[in-house]
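Here is what each chain is made of, one letter per residue.
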Amino acid sequence: PYGRQTIEKDDIAAVTETLKSDFLTQGPQVPKFEEAVASYCGAKHACAVNSGTSALHVAYLALGVRPGSRVWTTPVTFVATSNAALMCGAEVSFIDVDPMTGNISTTALAASLQTAARDHELPDVVTVVHLGGLPCDMKKISELAALYHFRVIEDCCHALGSEYRGEMIGSCRYSDISVFSFHPVKAITTGEGGMALTNNEKLWQRMKLLSSHGITKDDEVFEEKPDGGWYYEQQMLGFNYRMPDISAALGISQLKKLPQFLKRRRAIAERYLRELAGTPARCCRAPDGYVSSYHLFIVHVDRRKEVYDALRAEN
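Let me begin by describing the structure that accompanies this report.

Rules used throughout
- Residues numbered from 1 in each chain as written.
- Predicted model: local features only at pLDDT ≥ 70, side-chain atom pairs only at ≥ 80, totals over all residues.
- Heavy atoms only, no water.
- Helix = DSSP H or I, 4+ residues; strand = E, 2+ residues; numbered from the N terminus.
- Rg over C-alpha atoms; globule rule 2.2 N^0.38 Å.
- Buried < 20%, exposed > 50% of the residue type's maximum accessible area, 1.4 Å probe, protein only.
- Contact = heavy atoms within 4.5 Å.
- Areas by Shrake-Rupley, 256 points an atom, 1.4 Å probe, with all protein chains shown as cover.
- Lys, Arg positive; Asp, Glu negative; His and termini not counted.
- Charge placed at Lys NZ, Arg CZ, Asp CG, Glu CD.
- Polar contact = N/O pair within 3.5 Å; in protein donor to acceptor, adjacent residues only side chain to side chain.
- Core = buried A, V, L, I, M, F, W, Y, C linked by side-chain atoms within 4.5 Å.
- Pairing = 2+ DSSP bridges.
- Axes fitted to C-alpha atoms, helices over the stretch in contact; angles between N-to-C directions.
- Phe/Tyr/Trp six-rings, centres within 6.5 Å; stacked < 30°, edge-to-face > 60°.

### Structural notes on the overall build of the protein chain
Next up, step 1: Scanning the protein chain from N- to C-terminus turns up ten helices and 14 strands.
Next up, step 2: Relative to the globule expectation of 20 Å for 315 residues, the C-alpha radius of gyration of the protein chain, 21 Å, shows essentially globular dimensions.
Next up, step 3: Principal axes of the C-alpha set define a box for the protein chain whose edges measure 80 × 55 × 30 Å.
Next up, step 4: The buried share of the protein chain, taken over its 315 residues, is 47%.
Next up, step 5: Expressed as a percentage of contacts within the protein chain between residues at least 6 apart in sequence, the contacts between residues at least 24 apart total 69%.
Next up, step 6: Split by element, the accessible area of the protein chain, about 16300 Å² in all, is 51% carbon and sulfur.
Next up, step 7: Across the protein chain, the 34 positively charged side chains and the 37 negatively charged ones have centroids separated by 6 Å.

### Let's talk about the side chain of Thr198
Next up, step 1: Along the chain, the position of Thr198 falls in strand β9 (residues 194-198).
Next up, step 2: Within polar-contact distance, the side chain of Thr198 engages the backbone oxygen of Asp176 at 2.8 Å.
Next up, step 3: From its side chain, Thr198 meets the backbone nitrogen of Asn200 in a polar contact 3.1 Å long.
Next up, step 4: Residues within four places of Thr198 in sequence aside, it is in contact with Ala43, Lys44, His45, Cys172, Asp176, Ile177, Leu203, Trp204 and Met207.

### With respect to helix α8 (residues 245-255)
Next up, step 1: For α8, the buried fraction is high: ten of the eleven residues fall into the buried class.
Next up, step 2: What α8 keeps buried is the set Asp245, Ser247, Ala248, Ala249, Leu250, Gly251, Ile252, Ser253, Gln254 and Leu255.
Next up, step 3: Looking at the buried residues of α8, the elements they touch are α1 (9-19), α2 (29-41) and α9 (258-275).

### Focus: the nonpolar core
Next up, step 1: Core analysis: the biggest nonpolar cluster contains 47 residues, and Phe33, Phe182 and Leu197 have the highest contact counts within it.
Next up, step 2: In this structure, Phe33 is in contact with Phe182, Ile188, Thr190, Met195, Met243, Ala248, Gly251 and Ile252, ignoring residues within four places of it in sequence.
Next up, step 3: Listed in part, the 27 residues of the second largest apolar core include Cys47, Tyr60, Ala62 and Ala84.

### Quick notes on the sheet that holds strand β8 (residues 177-181)
Next up, step 1: Spatially, β1-β9-β8-β5-β4-β2-β3 is the arrangement adopted by the seven strands of the open sheet, whose pairing is mixed. Unpaired on one side and paired on the other, β1 (45-49) and β3 (91-94) mark the two borders of the sheet. Within the sheet, the average angular offset between the axes of one strand and its neighbour, ignoring direction, is 20°.
Next up, step 2: The sheet strands contacting helix α6 (residues 138-148) are β4 (125-129) and β5 (151-155), and the helix crosses β5 at an angle near 155°.

### A short note on the packing of aromatic side chains
Next up, step 1: The tally for this structure, following the rule as stated, stands at eight aromatic pairs.
Next up, step 2: Judged by centre distance (5.2 Å) and plane angle (80°), the ring pair of Tyr164 and Tyr290 falls under edge-to-face. Linking Tyr164 in strand β6 (residues 163-164) with Tyr290 in strand β13 (residues 290-291), this pair joins segments that are 126 residues apart in sequence.
Next up, step 3: For Tyr164, a relative accessible area of 3% translates into the label buried.

### Some words on unusual backbone geometry
Next up, step 1: With a phi angle near 65°, Cys172 is a residue other than glycine that sits in the positive phi range.
Next up, step 2: One non-glycine residue with positive phi stands out, namely Tyr294, at about 50°.
Next up, step 3: Residue position: Tyr294 is located in the loop between β13 and β14 (299-301).

Just geometry here; none of it tells us what the structure is for.
Below is the structure:
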């Protein structure tokens, strides 16, 4: 495997304590975990779910993606980024990536938007992916969103702990919703799990409903008069995407270790950069104002013999 979780005694103790409690699911640990991740990233609201794919699915649905909607994204990502849009019935198109970063090319995006505007085929949502933990140029993407009136989702599944222009990735400063995964290969793990963050309360409420059967127990939003304290309403068709408290307890424990996990990843990345200097390998360095979580360390290798020979002669 390219990644392996780090589980220690305090993680096991946190899970064991929850296993001994009254709530294995729909208890206090999930909202605690949501609050902790939202606070870390600087977002107002968080919706924990059972996978990053589920988080993408409820994010698309919350933004109104449905049959006939257009979603643009990058081809260099895991299948869930586009599959979750296809699950909503959307038409998915790919925008080329910047060869230096692997992230969506803002130049290609701008050109495609200009053409789409002429043809009246603009996207409803553009989903960008912070590949390997390196942030996309979110300010430029946000400016294009304002100009062409599309919504923005950040697929941050590689990027917990990354920073862009002094803010944590996940803050939703330049997007409508940001999505994380807590699969064991990610920076922290809950076993399986995911989370969608937003600063928009209506989007958050919709994602919370969608992730739990479309059911609410909040009497402030009831459409009918409750018959008693047991009353709840199903207000839309939703899914059972809830994160268990067992997973959230592990996530809370893991989040405390994120700084040391990131420090270790960055130390490894610095060694790669140092040791691969002067070889045919071209390594991706974060530009000024960008801080990568280094979920992956991506290396481009030019196999052309003349390039290799030239580099060898230089060194």
